[in-house]
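What follows is each chain in one-letter form.
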Amino acid sequence: MQSAKVSAATLKGYTADMKNYIIKPLGEMYMEEVTADDIRLALVPLSKKSEGLYSKVNMLLKCVFYSAERSQILQCNPCVGISGKGGKAAKKKEALTDQQVEVLLDTVKGLPPHLFIVLGLYSGLRREEILALQWDCVFLDEPTPYISVRRAWRTEHNRPVISTTLKTKAARRDIPIPKCLVDCLREVKETSVSEYVISDSNGEPLSASQFQRVWQYVVVRSTQARNYYKHVNGQSIKHPVYLKCKFFVDLIKKSFTKRLWGWQCI
């Protein structure tokens with residue numbers, strides 16, 4: 001029933017959650033046998049999971065049993081009175097400092113992820129919005145330059161799919177952009193041969209594996225140890241050196257998995 005109103009990726013997530021957290025504990029029971037206590041017991045393992053996962057599974061359970069009630073399969077709905085609150089609250093995320101932003105941009109300067117990161121920093125776009133952004137939605141010559149969000153990127157079997165169906169109604173919006181981003185976009189546009197702002201060598205949107213390889217530039221330049229060798233008493237001794245910007249790279253990687261951060265909200 002959900003497939004009519006959600007994306008393929010969302011439906012895939014719902015299917016996995018149904019299998020792991022609903023069918024496993026309750027799948028061998030008839031629906032009319034399921035009690036409120038059975039529902040609560042099924043939710044107990046989720047109390048150690050994230051708040052978002054708990055809420056989603058709770059929603060799916062209620063979709064199932066309320067639909068069964070409306071279809072007159074059940075006389076008593078076991079989900080009535082079941083609270084939707086539970087799970088571990090997400091850790092509060094802090095904005096990058098000016099110093100951290102400076103180190104990050106210096107780390108990726110001249111590398112493929114540079115434009116992607118600049119767009120994330122100064123526009124607050126989600127990952128899927130940046131990778132779907134086309135030049136017809138970038139208005140650099142207006143009195144107030146802005147980006148118009150009209151498309152979203154996702155992948156199916158590693159191949160990119162660009163859709164005009166956005167995550168929510170509020171996702172369709174116009175975002176004013178600062179001069180530093182305008183200058184960066186203008187410079188890229190002068191040499192671009194693709195309709196996409198960020199594209200592969202063929203001018204096509206990035207696939208999932210291509211995006212992962214782009215992020216490897218950040219990981220390698222920012223977190224991997226650099227080795228140097230010193231000769232002591234005729235022996236070559238290896239000394240690893242870890243770069244100081246490792247402290248925020250993991251935070252950045254997590255942030256880009258769902259939503260890119262703006263300057264003040266990571």
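All of these numbers come straight from a predicted model, not from anything done at the bench. The residue numbering used here restarts from 1 in each chain and proceeds along that chain's sequence as written. Residue-level local features of this predicted model are given only where pLDDT is at least 70; pairs of side-chain atoms are given and counted only at 80 or more, and the full residue set underlies all totals for whole chains, interfaces and linings. To get the side-chain values, take all heavy atoms of the structure and skip hydrogens and water.

A.B. asks: Explanation requested: the packing of helix α1 (residues 8-26) against helix α2 (residues 36-43) in the structure shown.
C.D. replies: Packed helix pairs are characterised by how far apart their axes lie and by the angle those axes make with each other. Only the stretch in contact is used when fitting a helix axis, every axis being a line fitted to C-alpha atoms; angles between N-to-C directions are given from 0 to 180 degrees. Segments assigned H or I by DSSP are reported as helices when at least four residues long, segments assigned E as strands when at least two residues long, and all are numbered from the N terminus. In contact at an axis separation of 10 Å, α1 and α2 are set at 135° when each is read in the N-to-C sense. The angle between the axes of α1 and α2 places the two elements in the oblique class. The two elements α1 and α2 cross, and the hand of that crossing is right-handed. Residue-level inspection shows Y21, P25 and L26 of α1 in contact with α2, the latter providing D38, I39 and A42. The class makeup of the residues in the contact of α1 with α2 is five nonpolar, no polar and one charged. Working definition: roughly parallel below 35 degrees, roughly antiparallel above 145 degrees, roughly perpendicular at 65 to 115 degrees, and oblique for all remaining angles. Crossing handedness follows the turn of the near helix against the far one: under a right angle anticlockwise gives a left-handed crossing, and clockwise gives a right-handed one. Contacts between residues were defined by any pair of non-hydrogen atoms, one from each residue, lying within 4.5 Å. Ten residues, namely Ala, Val, Leu, Ile, Met, Phe, Trp, Tyr, Cys and Pro, are considered nonpolar, four, namely Asp, Glu, Lys and Arg, are considered charged, and the remaining ones, Gly among them, are considered polar.

A.B. asks: Explain α1 here, please?
C.D. replies: Each α-helix turn comprises 3.6 residues. Residues three or four places apart therefore point the same way. Taking 1.5 Å as the rise per residue, α1 with 19 residues should run 27 Å; its terminal C-alpha atoms sit 25 Å apart, in good agreement. Note on bend: at a given residue it equals the angle between the axes fitted to the 7 residues ending there and to the 7 starting there. Of all bends in α1, the biggest is about 35°, found at M18. Partly exposed residues are those whose accessible area sits between 20% and 50% of the maximum for their type, while under 20% is buried and over 50% is exposed, using a 1.4 Å probe and protein chains only. When we look at burial in α1, the residues that qualify are Y14, D17, I22 and L26. Those residues of α1 that are buried lie in contact with α2 and α3 (51-70). One fewer than the residue count of a helix, multiplied by 1.5 Å, yields its expected span.

A.B. asks: Hey, could you run me through the nonpolar core in this one?
C.D. replies: Soluble globular proteins tend to bury their nonpolar side chains together. Within the largest apolar cluster, 39 residues are counted, with the highest numbers of intra-cluster contacts made by F116, I117, L119, L185, V197 and I198. When contributions to this core are tallied by element, the ones reaching two or more residues are α4 (98-108), α5 (113-123), α6 (127-131), β2 (146-149), β3 (152-156), α7 (179-191) and α8 (208-222). Considering each element in turn, this core owes the most residues, six residues, to α5. Put simply, buried Ala, Val, Leu, Ile, Met, Phe, Trp, Tyr and Cys residues joined by side-chain atoms within 4.5 Å make one nonpolar core. Counting residues in each nonpolar core, the second largest holds 18 residues, with L53, V57, F65 and L74 among its members.

A.B. asks: Explain the pairing of strand β5 (residues 173-176) here, please?
C.D. replies: Judged by which residues are buried, β5 turns out to be one-sided: R173 and I175 face inward and are buried, whereas D174 and P176, on the alternate face, are not. When DSSP finds two or more bridges between a pair of strands, those strands are recorded as paired. The pairing of β2 with β5 spans four bridges and is antiparallel. Bridging across to β5, I147 finds its partner in I175.

A.B. asks: How should the pairing of β2 be read in this particular structure?
C.D. replies: Bridge analysis of strand β1 (residues 138-139) against β2 gives two bridges, and the strand direction is antiparallel. Looking at β2, one finds that V138 is bridged to I147. Counting the residues that bridge the hairpin from β1 to β2 gives six residues.

A.B. asks: What am I meant to see in the pattern of salt bridges here?
C.D. replies: As a working rule, side chains carrying opposite charge can pair if their charged atoms are close by. A pair is scored as a salt bridge if a Lys or Arg side-chain nitrogen falls within 4 Å of a carboxyl oxygen belonging to Asp or Glu. This model, assessed by the stated rule, comprises nine salt bridges. A salt bridge links D17 to K56; the shortest N-O distance between them is 2.9 Å. Of this pair, D17 sits in helix α1 while K56 sits in helix α3; the two residues are 39 residues apart in sequence, bridging distant segments of the chain. Looking at D17, the relative accessible area reads 8%, which means it is buried. One network of salt bridges, with partners in common, ties together R126, E129 and R173.

A.B. asks: Any chance you could explain the sheet that holds β5 here in plain terms?
C.D. replies: Adjacent strands of a sheet pair through backbone hydrogen bonds, lying either parallel or antiparallel. The three strands are arranged β1-β2-β5 in an open sheet whose pairing can be described as antiparallel. Each of the sheet's edge strands pairs with one partner strand only, and the pair in question is β1 and β5.

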